[in-house]
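A look at the structure
The chain contents come next:
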Amino acid sequence: MNAPFSYDTGNANNAWMSDIKDSERVPDAQRAMVQFLGLYRYLAAEALVYVLPTPRVHGLQDLPFTANLGIVLEHLPDKNTVVVSNYMSEPRRGETPVGVRFFESMGYRAVVPQSRFEGEAELKHLHDNVYVGGYGLRSERRTYEWMERAFDMKVVMLEQSDPYMYHLDCTIFPLTRKQTLVCTELYRRDEIKELERHTEIIDVPVSVCYAGICNSVRLNNIILNASHLHDLRRGSSEYAEEIAKNRLLEDIASLLAFEVSYFNLSEYHKAGALLSCMIMHLNRFSYCFQMI
């Protein structure tokens, strides 16, 4: 994770941000820190959380969204290789050297692809050497083709086109090593058929993806998700959408013996971000936790 010392929304670099007036997009720094610490404390009670240091330089407005910083390749025996992002988003390109220095200081082998790639938010580990990767908006297909050759891995590639679902974690959430939440209506039939060869798909509608159902993180038997329900006006369309998302997530969780914990991350919505954006996995030990 990264504490929001450099967090800013001055450069609108996604569709969600562009929809918000400049004056309404300015984050409350104190509230952003309180919300960050609430999530951090919860995670730190169950796991060792490394905090990425924030350099004293300008222009790192999105550094708290560490899911885009890179991905640790889970299938490699030593789990010591990090593919660090080569950002499509121009305001984020200064994060790459920050990530390389950090991971190398921890003893990782840090590799930066020549083509565009935006981290584990775009590439999800399913099981063994199989991953699912999104391309077309922020990452390039040739990045995954290079990864397959360089790291002996299989990537099921899904083409993205919805500007609001600009990273894969908006539409894909591996729940277990056998089951994955997928917004099938946003992908071609042949892509879904290929994905079904590697995981059991739990289909979720695009409406709840817009509300962030797939922007979740698994911590052992708990699904972490962002919800600002109590900030919303009862009876509003946004309230109804949030309720629908929460209820569906809770229904899915109960069927598979998970619990759900919610976190208000409303200050980060101003950057078009949700919970999964704020966490980069250094391991996938939670997926070793057997449920049913």
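See the structure printed just above.
This report concerns the structure included in the present document. (Residues numbered from 1 in each chain as written. Predicted model: local features only at pLDDT ≥ 70, side-chain atom pairs only at ≥ 80, totals over all residues. Heavy atoms only, no water.)

**Observations concerning the side chain of Asn68**
Structurally, Asn68 can be placed in the loop between helix 3 (29-44) and strand 1 (70-72). You can call Asn68 buried: its relative accessible area is 2%. Of note is the side chain of Asn68, whose polar atom sits 3.1 Å from the backbone oxygen of Glu118. (Helix = DSSP H or I, 4+ residues; strand = E, 2+ residues; numbered from the N terminus. Buried < 20%, exposed > 50% of the residue type's maximum accessible area, 1.4 Å probe, protein only. Polar contact = N/O pair within 3.5 Å; in protein donor to acceptor, adjacent residues only side chain to side chain.)

**Quick word on helix 6 (residues 189-196)**
Taken together, the buried positions of helix 6 are Glu191, Ile192 and Leu195. All buried residues of helix 6 project into a common sector of 95° when viewed along the axis, lining one side. Residues Arg189 and Lys193 are exposed on helix 6 and point more than 90 degrees away from its buried face. (Arc of directions from axis to C-beta.)

**Let's talk about the nonpolar core**
If you look at the biggest cluster of nonpolar residues, it comprises 25 residues, and the most contacted ones within it are Leu39, Leu43, Phe65, Leu224, Leu265, Tyr268 and Leu275. Here Leu43 is in contact with Met1, Val49, Leu219, Leu224 and Ile279, once residues within four sequence places are set aside. Ranked by size, the runner-up nonpolar core spans 19 residues in total, among them Phe173, Cys214, Ile252 and Leu256. (Core = buried A, V, L, I, M, F, W, Y, C linked by side-chain atoms within 4.5 Å. Contact = heavy atoms within 4.5 Å.)

**Quick word on the environment of Val112**
Looking at the secondary structure, you find Val112 in the loop between strand 3 (109-111) and strand 4 (123-127). By relative accessible area, Val112 is classed as partly exposed at 36%. Sequence spacing of Val112 and Thr96 is 16 residues, and the spatial spacing of their C-alpha atoms is 8.2 Å. Residue contacts for Val112: discarding those within four places in its chain leaves Val84, Ser85, Asn86, Thr96 and Val100.

**Notes on the pairing of strand 9 (residues 200-203)**
Look at any regular strand and the pattern is simple: side chains alternate between the two faces of the sheet. Relative to strand 9, strand 8 (residues 179-182) is paired through four bridges, and the arrangement is parallel. From the neighbouring strand, Thr180 faces strand 9, where its bridge partner is Ile201. (Pairing = 2+ DSSP bridges.)

**Quick notes on the sheet that holds strand 11 (residues 222-226)**
Spatially, three strands are ordered 10-11-12 in an open sheet, and the strand pairing comes out mixed. What marks the edges here is a single partner per strand, and that holds for strand 10 (217-219) and strand 12 (259-263). The sheet shows a mean angle of 30° between the axes of neighbouring strands, direction not considered. Against the sheet, helix 8 (residues 237-255) touches strand 11 and strand 12, its axis set at about 170° to strand 11. (Axes fitted to C-alpha atoms, helices over the stretch in contact; angles between N-to-C directions.)

**Thoughts on unusual backbone geometry**
Despite not being glycine, Lys79 shows a phi value in the positive range, around 45°. In this structure, Lys79 sits in the loop between strand 1 and strand 2 (81-84). Located in the positive-phi region is Asn220, a residue other than glycine, with phi close to 55°. Position of Asn220 among the secondary structure elements: in the loop between strand 10 and strand 11.

**Side note on helix 3**
Between the first and last C-alpha of helix 3 there are 22 Å, a value that for 16 residues agrees with the 22 Å anticipated at 1.5 Å per step. Within the sequence span of helix 3, burial applies to Ala32, Gln35, Phe36, Leu39 and Leu43. The arc that holds every buried residue of helix 3, seen down its axis, measures 100°, which confines them to one face. Among the exposed residues of helix 3, those pointing more than 90 degrees away from its buried face are Gln30, Val34 and Arg41. Structurally, helix 3 contributes buried residues whose contacts are with strand 10, strand 11, strand 12 and helix 9 (266-269). Regarding helix 3, its N-cap is Asp28, as a side-chain oxygen of that residue lies 3.1 Å from the backbone nitrogen of Gln30 further along. (Expected span 1.5 Å × (residues − 1).)

**Quick word on the sheet that holds strand 5 (residues 130-135)**
In space, the three strands of this open sheet follow the order 4-5-6, with mixed pairing throughout. For this open sheet the edge positions go to strand 4 and strand 6 (154-159), each flanked by a neighbour on one side alone. Shown here is a sheet whose adjacent strand axes are inclined to one another by a mean of 25°, direction ignored. The strands touched by helix 5 (residues 141-151) within the sheet are strand 4, strand 5 and strand 6, with strand 6 carrying the most contacts at an inclination of about 175°. Here helix 6 sits on the sheet in contact with strand 4, strand 5 and strand 6, set at roughly 155° to strand 6.

**Examining the packing of aromatic side chains**
Remark: the centre distance and the inter-plane angle together describe each pair of aromatic rings, the angle taken between the planes. By the definition in use, this model includes 12 aromatic pairs. Considering the side-chain rings of Phe102 and Phe103, the 5.4 Å spacing of their centres and the 70° angle between planes classify their relative orientation as edge-to-face. Pair check on accessibility: Phe102 and Phe103 agree, each one buried. Judged by centre distance (5.5 Å) and plane angle (80°), the ring pair of Trp146 and Phe151 falls under edge-to-face. For Phe151, a relative accessible area of 6% corresponds to the buried category. Cluster of aromatic residues (ring-pair linked, three or more members): Tyr7, Phe65 and Tyr268. Taking the ring centre of Tyr287 as reference, the NZ or CZ of Arg218 above it sits at 5.0 Å. (Phe/Tyr/Trp six-rings, centres within 6.5 Å; stacked < 30°, edge-to-face > 60°. Lys NZ or Arg CZ within 6 Å of the ring centre and 35° of its normal.)

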